[in-house]
Amino acid sequence: MTDSNQRRHFVQFSTLALLLALASGCAASPATKLSDAALSGDPDAMWAEGQELARKGERLVKKGEQRMENARSQIRDGESKIRKGNELVAKSRLDYENAVASAGDARTPKVVEDEAKRLKTIGKRWEKALDMIRAGNELVEKGNKNIETGRSEVREGRFLIEKGSMMMRNSERSRRGDELLPIILRGGSTSE
């Protein structure tokens, strides 16, 4: 066998081994499933599928970044509700203390009824303030969960972009008969 034939066989074998490693590294996500042509080392299929992986990754990064931006807005809104609710609770408590301090001197049932109405009104405002704090806490919690989801989407998208880019570079290297670059698997290990 000549050196060029040996080199070509080595490149083909390396391409196949690296693509199998890439496929196993991407197996967790159905979006990264590779075709038989790409797995067999076909440079055209590798290029096309590398581009598609990179595009999917870019869309996922954009989606994750948008989700995080919306989540930050949710957190700001939630914190605002919590602040406003706390202010209303403090005001309701003060109103209650003032109402109670002036109550108790009633001489007629009508005055007692008016005091009861005033206390009931204060109690309703206080409940609304507590509801506002609960709603604010829920928004903050939802925002924090959305930030985590967005970060996960950005990480996954960047991973797909990196995989797609590596497949496209290896496609070109395969066409030239150069040694292929190692594929980085999840967790930072390589396919070497």
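Residues numbered from 1 in each chain as written. Predicted model: local features only at pLDDT ≥ 70, side-chain atom pairs only at ≥ 80, totals over all residues. Heavy atoms only, no water.

> Would you take a moment to explain a nonpolar patch on the surface for this structure?
A contiguous nonpolar surface patch, about 230 Å² in accessible area, is contributed by Tyr96, Val100 and Leu119. Structurally, Val100 is set in helix α3 (residues 43-102). (Patch = residues over 30% accessible without salt bridge, like charges linked within 9 Å, V, L, I, M, F, W, Y side chains within 5 Å. Areas by Shrake-Rupley, 256 points an atom, 1.4 Å probe, with all protein chains shown as cover. Salt bridge = Lys/Arg side-chain N within 4 Å of Asp/Glu carboxyl O. Helix = DSSP H or I, 4+ residues; strand = E, 2+ residues; numbered from the N terminus.)

> How do you make sense of the packing of α3 against helix α4 (residues 109-176) when you look at a structure like this?
Running from amino to carboxyl end, α3 crosses α4 at an angle of 165°, the nearest separation of the two axes being 4 Å. Viewed along their axes, α3 and α4 adopt a mutual orientation that is roughly antiparallel. Considering the relative orientation of α3 and α4, their crossing is left-handed. (Axes fitted to C-alpha atoms, helices over the stretch in contact; angles between N-to-C directions. Parallel < 35°, antiparallel > 145°, perpendicular 65-115°, else oblique. Left-handed = near helix turned anticlockwise from the far one by under 90°.)

> Can you help me understand the side chain of Glu115 in this one?
Turning to its location among the elements, Glu115 is positioned in helix α4. One buried charged residue, Glu115, forms no salt bridge at all, with the nearest opposite charge on Arg118 at 5.0 Å. Non-local contacts of Glu115, meaning those with residues more than four positions away in its chain, are made with Ser102, Ala103, Gly104, Asp105 and Ala106. (Buried < 20%, exposed > 50% of the residue type's maximum accessible area, 1.4 Å probe, protein only. Lys, Arg positive; Asp, Glu negative; His and termini not counted. Contact = heavy atoms within 4.5 Å.)

> I tried to follow the pattern of salt bridges on my own but got confused; where do I start?
Where charged atoms of side chains with opposite charge meet at close range, the side chains can pair. With the rule as written, the count across this model stands at 14 salt bridges. Asp95 is the partner of Arg125 in a salt bridge, and the nearest nitrogen-oxygen pair spans 3.1 Å. Residue Arg125 is found in helix α4, and its partner Asp95 is found in helix α3; the two are separated by 30 residues along the sequence. Notably, a salt bridge pairs Glu148 with Arg151, separated by 3.0 Å at the nearest N-O pair. In this pair, Glu148 and Arg151 both sit in helix α4, 3 residues apart, roughly one turn of the helix. Its relative accessible area of 44% is what places Glu148 among the partly exposed residues. Exposure remark for Arg151: the relative accessible area of 42% places this residue in the partly exposed category. Salt bridges sharing partners connect three or more residues here, namely Asp44, Glu172 and Arg175.

Functional significance is not addressed by these values, which are geometric in nature.
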